[in-house]
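As a plain string of letters, each chain reads:
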Amino acid sequence: MKRVYNFSAGPSMLPLAVLEKAQRELPDYKESGMSVMELSHRSGLFTDIITGAEDLLRELMNIPDNYKVLFVQGGASQQFAMVPLNLMKNGKADYVNTGSWSKKAMKEAKKYGQVNVIASSEEDNFTYIPKLDQNMFDPEADYVHITTNNTIEGTAFREVPDTGNIPLVADMSSNILSEEIDVSKFGIIYAGAQKNIGPAGLTVVIIREDLIGNASDICPTMLDYQTHSESGSLYNTPPTYGIYMAKLVFEWIKELGGIHAIQKRNELKASLLYDYIASSDFYQSPVAEDSRSIMNIPFVIPGLDLDGQFVKEAKEAGLETLKGHRSVGGMRASIYNAMPVEGVEALVSFMKKFEEENK
Ligand SMILES: *Cc1c(COP(=O)(O)O)cnc(C)c1O
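Residues numbered from 1 in each chain as written. Predicted model: local features only at pLDDT ≥ 70, side-chain atom pairs only at ≥ 80, totals over all residues. Heavy atoms only, no water.

**Examining the pattern of salt bridges**
Counted according to the given criterion, the structure contains 17 salt bridges. For Glu 54, the salt bridge is made with Arg 58, and the minimal N-O distance between the two is 2.9 Å. On the criterion of helical spacing, the pair formed by Glu 54 and Arg 58 is a turn pair, its members being four residues apart in helix H2 (residues 44-61). For Glu 108, the salt bridge identified is with Lys 111, shortest N-O distance 3.9 Å. Judged by its relative accessible area of 22%, Glu 108 is partly exposed. What makes Lys 111 exposed here is its relative accessible area of 59%. If you follow the salt bridges from partner to partner, you end up with Lys 21, Lys 247 and Glu 251 in one network. (Salt bridge = Lys/Arg side-chain N within 4 Å of Asp/Glu carboxyl O. Helix = DSSP H or I, 4+ residues; strand = E, 2+ residues; numbered from the N terminus. Buried < 20%, exposed > 50% of the residue type's maximum accessible area, 1.4 Å probe, protein only.)

**Comments concerning the UniProt feature "modified residue: N6-(pyridoxal phosphate)lysine" (unreviewed entry) in the protein chain**
If you check UniProt for "modified residue: N6-(pyridoxal phosphate)lysine" (unreviewed entry), the listed places come out as Lys 195 in our numbering. By the element assignment, Lys 195 lies in the loop between strand E9 (188-192) and strand E10 (203-208). Ignoring sequence-local partners within four residues, the contact set of Lys 195 consists of Ala 9, Gly 10, Ser 12, Thr 151, Ser 173, Ser 174 and Tyr 336. (UniProt positions renumbered as here; feature names shortened; annotations may be inferred. Contact = heavy atoms within 4.5 Å.)

**Focus on the site of the ligand**
The immediate surroundings of the ligand are formed by 13 residues, with Ser 77, Thr 151, Asp 171, Gln 194 and Lys 195 found nearest. In the model, an oxygen atom of the ligand is placed 3.0 Å from a nitrogen or oxygen of the Ala 76 main chain. Between the ligand and Ser 77 there is a distance of 2.6 Å, counted from an oxygen atom to a side-chain nitrogen or oxygen. Across the complex, the protein chains shield 87% of the 390 Å² of accessible surface that the ligand would expose by itself. (Near = heavy atom within 4 Å. Polar contact = N/O pair within 3.5 Å; in protein donor to acceptor, adjacent residues only side chain to side chain. Areas by Shrake-Rupley, 256 points an atom, 1.4 Å probe, with all protein chains shown as cover.)

Here you go:
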């Protein structure tokens, strides 16, 4: 068997231990004579899977009792519509524009109400996270929306902004479960699964209960948080296999020591890469130091046309999907939870060798 270090931004690496457990359980799940994919979503075995997944997520993230956990479909992109459809009672919301995904969220929200861009780093190519201040928020805004980690640009909020009584809504697709956070500071947290949770097709929503049940009249049933909340995410057939895989990933995180331990590991991985980039005059980070992501790390080779060669030779060395996003250029290493420290060490060794050969 050959496994590579996959630096893809998403779908991305899954822990090998999880894949192997899924493989062992695939044809005959717990002596049912069926795979999880074939189980009824109303069966006892699947009920254990979905409640087990929720309990583990609650434990890992320390989710307070007045929050619901929903397992839905449609990706983070569908949340761009669900959030305004459910929360825009006054018809306006504050958005912080920190990258391509923020822009998509704003574009969608504009269909349902007024979007106030209260801060933006677009004029600087999204290379930093703007400072937010209490007095920037419209007291009548239905919510404030942020993208906690900007997958394409490689920036992240280092602190959760204090929005007072205005619910804070966060797209956490690319950094959920990567570091300890205080869930009680948020009204809604949502994340597509394919970065830090499991396979694509599942979306996790963590929502404070008082934000459920206020959907606009035109809100489709499937986009109403209440539909999924009332039915325990079983209004229709949920992405059953994705939920099963998410449960295995949550178990894996717990075995590693929980979010505290995974955060330490992620910080170590990120600093290996950032420290090397800082020590080299060949590579450069395009991101402001106080805004750096520990999940997605873009880097460039200024002045030389070597990106194509870098990506090609890295692939030959078993380091996959390092091409930067077309809007940023250069390279990007996505080092989510499942990327082992050895993967980042292998990347840094390769970068050193490439630098020596091409300087
Ligand atoms: C990947 C990503 C998305 C899009 O997720 P889908 O599940 O494909 O809709 C949205 N926001 C962020 C921050 C992402 O990283």
